[in-house]
Amino acid sequence: MTATAATAATVLPIRGRLRPLGLGDVRITGGFWAERQEVNAVATLAHIEHWLEREGWIRNFDLAVRGGLAQERRGREFSDSEVYKYLEALAWEIGRNGDAGLESRFRAVVRRVAAAQEPDGYLNTKFGRSGQAPRWSDLEWGHELYCVGHLLQAAVARARTRPGADDGLLEVARRAADNVCETFGPDGIDGLCGHAGIEAALVEFARTTDDDRYLAQAALFVDRRGHGRLSDVEFGREYFQDEQPVRQATVLRGHAVRANYLAAGAVDVAVEQKDAGLLDAVRNQWQNAVTRRTYITGGQGSRHQDEAFGGDWVLPPDRAYSETCAGIGSVMVAWRLLLADGDPRYADLIERTLFNVVATSPSADGRSFFYANTLHRREVGTLPDADRPSLRAAASLRAPWFEVSCCPTNVARTLASLTAYVATSDDDGLQLHQYMPGTIEHRRADGRELRVTVTADYPHDGEIRVRIEGDETACDTDVPWSLSLRVPGWAAQGATVTVDGHTRPVGPGYVTEQRIWRPGDEVVLSLPMAPRFTYPDPRIDAVRGCVAVERGPVVLALESVDVDGVDSVDELRVDTGRPPRLSAGRVTVSLRRVHPNDHDWPYRTDEAESVPALGEELDEVALVAYHAWANRGPSTMRVWLPTTADRRTPDLKEEAR
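Sequence order as written defines the numbering, with residues in each chain counted from 1. Owing to the predicted nature of the model, reporting of local features is limited to residues with pLDDT of at least 70; listing and counting of side-chain atom pairs is limited to 80 or more, with chain, interface and lining totals taken over all residues. Just so you know, side-chain values use all the structure's heavy atoms and leave hydrogens and water out.

## Overview of the pattern of salt bridges
Okay, step 1: Note on definitions: salt bridges are taken to be side-chain nitrogens of Lys or Arg within 4 Å of carboxyl oxygens of Asp or Glu. Applying the stated criterion across every chain, the model contains 68 salt bridges.
Okay, step 2: One salt bridge connects D341 with R283, and the closest N-O pair in it is separated by 2.6 Å. With a gap of 58 residues between them, D341 in helix α12 (residues 324-341) and R283 in helix α11 (residues 276-292) connect regions that are remote in the sequence.
Okay, step 3: For every residue, the accessible area (1.4 Å probe, protein chains only) is compared with the maximum for its type, and the residue is labelled buried under 20%, exposed over 50%, or partly exposed between those bounds. The class for D341 is partly exposed, based on a relative accessible area of 25%.
Okay, step 4: Residue D318 is joined to R378 by a salt bridge in which the shortest nitrogen-to-oxygen separation is 3.1 Å. Remark: R378 occurs in the loop between β3 (376-377) and α14 (406-416) and D318 occurs in the loop between α11 and α12; sequence separation between them is 60 residues.
Okay, step 5: A relative accessible area of 44% places R378 in the partly exposed class. Secondary structure is summarised from DSSP: a helix means a run of H or I of at least four residues, a strand means a run of E of at least two, and numbering begins at the N terminus for each.

Below you can see the structure in the form of structure tokens.
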């Protein structure tokens, strides 16, 4: 099936099981995600531009024009990419709401970027000019191709949201892409970038420009990976995914962002070139990474030193790196696989990652961010300096900016384009993958218009009501079509669907109703929203004997600000004999304090001496949605809670004596 050229979506494959619907088809009108999109539009984008200007990262392009770049350039080698991601976020947001102020800001930044491009199309502020290292002289760490990739993605977003715009960004990107093809084509440098990302960008640029040269170059980069073309580094070539060809690898590994960006590009190449073997390889890598190397939040990456995946089952909550950008990369991969296959498991992971990684990074006001997303904070954090960038993961609370500030711009472009991840179509009808209040208006290839309204208070409430809109002519009532709604994997028991007043149970997957629809017809999906305990695989050593609490797609956490007289949540145990409850809109659990035994050596030969005694009960302690933690000041927090099982209960009579 073929995607329409006018669709304003992040990914537009020419074939696949499903066709994406974009900003012109879907509108989010309220609820959880509409609120976050609004904060992104009115606060985050301006905040990002402020810091890009303050830190001199946009000014680098001005220096490239007037001179002084070698002496005055600011920022890391990849700082150009943050400017491009900011432009991409602006492009999607302008496409979403048509804001004239954002349009003016967009054009102003594009002019400064375009002025710095060299005659042959090369564009980078770190390399190639007098006093700087030569072009392409540091493929391992220089990020030159990575930066071009984000430039192309910004141009794609602009072309799809404002076709024919006269700002010139598409032409700038085309010249840069042509330079890459000439430099790294079959007769050029036999190399690749240490940070994947340009692969998916080139494919999407090929889809946008209808020029297969860019697709061929993306395929060349994918096939070059894994043959030791990059120099070895202290983390090993696995860090770059350059130790094993993509087609032979069995799991996502190495630097988690690089791994996901590479997988996304490989899926794009496989779909465009009908390469079933390459697509199968990425499917297998995704499956193994999700079942063995992914946190309950959907976060990926457990190693701080190299921002990387750990081995199978190595998922320590207190050392979780779970970089925000890795979560966004995971969404990118899962969405592409969903479009290719239509398997609901991909949409399940997207939902989990959106609610528990992407939504967790920004603060409620949209002006500070988590770079890494720990699942256990042992010590009360300290507020970062609001006037200085933090190290990438040094801030114990959300920070306004980072020396490596990839996450704020990545969050901004994802929220601005979020509408494109909600629904799809195929030859039979519509599919809803994520539940957000809104409208879907889609004109099919045969000219029929499908219009529905989604009403929901998800994830606070599990009722999703989908109503068919339009008049008899618009609905074309003599032709049946299908409406498919995803039943999440966590809703294995208790989900129902109601059509024409008849209710029936449904299980995980897609529930599809195919019929001749009439205006006013409704389908109501009811998902079980009772809070639940979740138990880890026993092979995850770090959380053996613990439980987590979830409600719907939302992971919950115990935060010290919700427990009177407690500074550290580590002194608490949850009573799994009493299930979590919903009380006054918050999930509560029953806890017990513990009284550890202090010794001069932390190991005992007598098991009874090593088990802490249980103290007083704390009933109805409220948990917080993980994505909302740390919005109320410094605190301690944990997602995985030790239980009261096998703990010593003190003999109160003996203590009284």
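There is more to say, and it comes next.
## Comments concerning the sheet that holds strand β6 (residues 438-443)
Okay, step 1: Reading across from one edge, β2-β6-β7-β8-β13-β10-β11 is the order of the seven strands in this open sheet, with antiparallel pairing throughout. Edge positions in the open sheet fall to β2 (26-28) and β11 (502-505), since each of these has one partner strand only. If you compare each strand with its neighbour and ignore which way they point, the axes differ by 15° on average. The criterion for strand pairing is that DSSP finds at least two bridges linking the strands in question. Between the N-to-C directions of two axes lies an angle of 0 to 180 degrees, each axis being a line fitted to C-alpha atoms and, for a helix, fitted only over the stretch in contact.

## Considering the nonpolar core
Okay, step 1: We define a nonpolar core as any set of buried Ala, Val, Leu, Ile, Met, Phe, Trp, Tyr and Cys residues linked to one another through side-chain atoms lying within 4.5 Å. Ranked by internal contacts, the top residues of the largest apolar core, which has 188 residues, are W33, I464, L483, L485, L527 and L558.
Okay, step 2: For L527, the residues in contact, after removing those within four places along its chain, are Y458, G462, I464, V487, P488, W490, A491 and A495.
Okay, step 3: Ranked by size, the runner-up nonpolar core spans 21 residues in total, among them A320, A548, V624 and Y626. Here, two residues are considered to be in contact whenever any of their heavy atoms come within 4.5 Å of each other.

## Describing the side chain of R158
Okay, step 1: Residue placement: R158 occurs in helix α6 (residues 144-161).
Okay, step 2: Counting of polar contacts relies on pairs of N or O atoms within 3.5 Å, with two restrictions inside protein: one atom must be capable of donating a hydrogen and the other of accepting it, and residues adjacent in sequence are counted only when both atoms are side-chain atoms. Here the side chain of R158 touches E103 through a polar contact of 2.6 Å, side chain to side chain.
Okay, step 3: Apart from the residues within four sequence positions on either side, R158 is in contact with A91, I94, E103, F106, R107, P163, A165, D167 and L169.

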